[in-house]
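Chain residues, written in single-letter form:
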Amino acid sequence: MSIDNVEAPQRAPIEIRTVTVNNVLEALAAGMRDLRAGFRHSITFGIFLALGGWTLALLLVKAHLPYLVYPLAMAFALIAPFIATGLYEISRRLETGEAVTWPNIASSIRAASGRDMGWMALVTSFTFVIWMDIAALLTFGFLGLSATSFTAFVSMIFSTPEGFAFLIVGNTVGAAIALAVFSLSVISFPMLFDRDVDFVTAMITSVRTVLANPRAMLVWFAIIGFLVALSFLSLFVGLIFFFPLLGHASWHIYRRAVAPAEKG
């Protein structure tokens, strides 16, 4: 038989299910249960991210780049889903009644990285770099180069018309970028962890989910934004608790939004 006559196997289309605001709140409650059940492992991821935030913020201030601290904090939604891979594994194991151990978590992260998870991380990392560049350009455009310390930068933002304009425009642009990345990644990261699919399929599925459930997914986006803002106001301390909570809840939203894969 000719190779040309051999048809490639066709995968069944991925079924997107209805997600309500109540489902989002239920996922948040399930995330809280997972955080309590796997507290020792889950909270470690939160501490790791908070330490990373403190380190980068300190380096930016020392380098006289205080205007990048705030956009760095707001960029949490761009890079956090990849770091949350270990939290997905904790939730999956709690869901199936399996033991939660560091070797198992590490093994799952390595397995996911061997698939298209790395490509998805590259997409969000590229967006992160673009967002930081935009934040720098907006700062120079509205505030110039006079704010070389963090206190001077904060003072200019809240005491000058240019500072208020910078806040409005910067937050609007940042929210638009964050919403776009959220649409691409909210389902794709847990899906790439859970299934052997390509990252384009995962991103398309994520966008389809958001478009099919705009109200619920916008509520989830707003919850993430609110908790990220609280984390920034707490000088990243809030990330220790909020990051694992959001990671676990993201897994449950994925499980609700996408029908299980058919066993071949």
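Residues numbered from 1 in each chain as written. Predicted model: local features only at pLDDT ≥ 70, side-chain atom pairs only at ≥ 80, totals over all residues. Heavy atoms only, no water.

Novice: So, the pattern of salt bridges: which residues are in play, and what are the values?
Specialist: By the definition in use, this model includes six salt bridges. For arginine 93, the salt bridge is made with glutamate 98, and the minimal N-O distance between the two is 3.3 Å. Take glutamate 98: its relative accessible area is 32%, and that puts it in the partly exposed class. For the salt bridge of glutamate 95 with arginine 255, the shortest nitrogen-to-oxygen distance reads 2.8 Å. Pair noted here: glutamate 95 is in helix 5 (residues 85–96) and arginine 255 is in helix 13 (residues 239–257), with a separation of 160 residues, a long-range link. For glutamate 95, a relative accessible area of 37% gives the class partly exposed. (Salt bridge = Lys/Arg side-chain N within 4 Å of Asp/Glu carboxyl O. Buried < 20%, exposed > 50% of the residue type's maximum accessible area, 1.4 Å probe, protein only. Helix = DSSP H or I, 4+ residues; strand = E, 2+ residues; numbered from the N terminus.)

Novice: Break down the packing of aromatic side chains for me, with residues and values.
Specialist: Going through the model one piece at a time under the given rule, you end up with 10 aromatic pairs. Taken together, a centroid distance of 6.0 Å and an interplanar angle of 55° make the contact between tyrosine 88 and phenylalanine 193 tilted. Of the two residues, tyrosine 88 sits in helix 5 while phenylalanine 193 sits in helix 10 (residues 188–194), which places them 105 residues apart along the sequence. With a relative accessible area of 2%, tyrosine 88 lands in the buried category. Judged by its relative accessible area of 6%, phenylalanine 193 falls in the buried class. (Phe/Tyr/Trp six-rings, centres within 6.5 Å; stacked < 30°, edge-to-face > 60°.)

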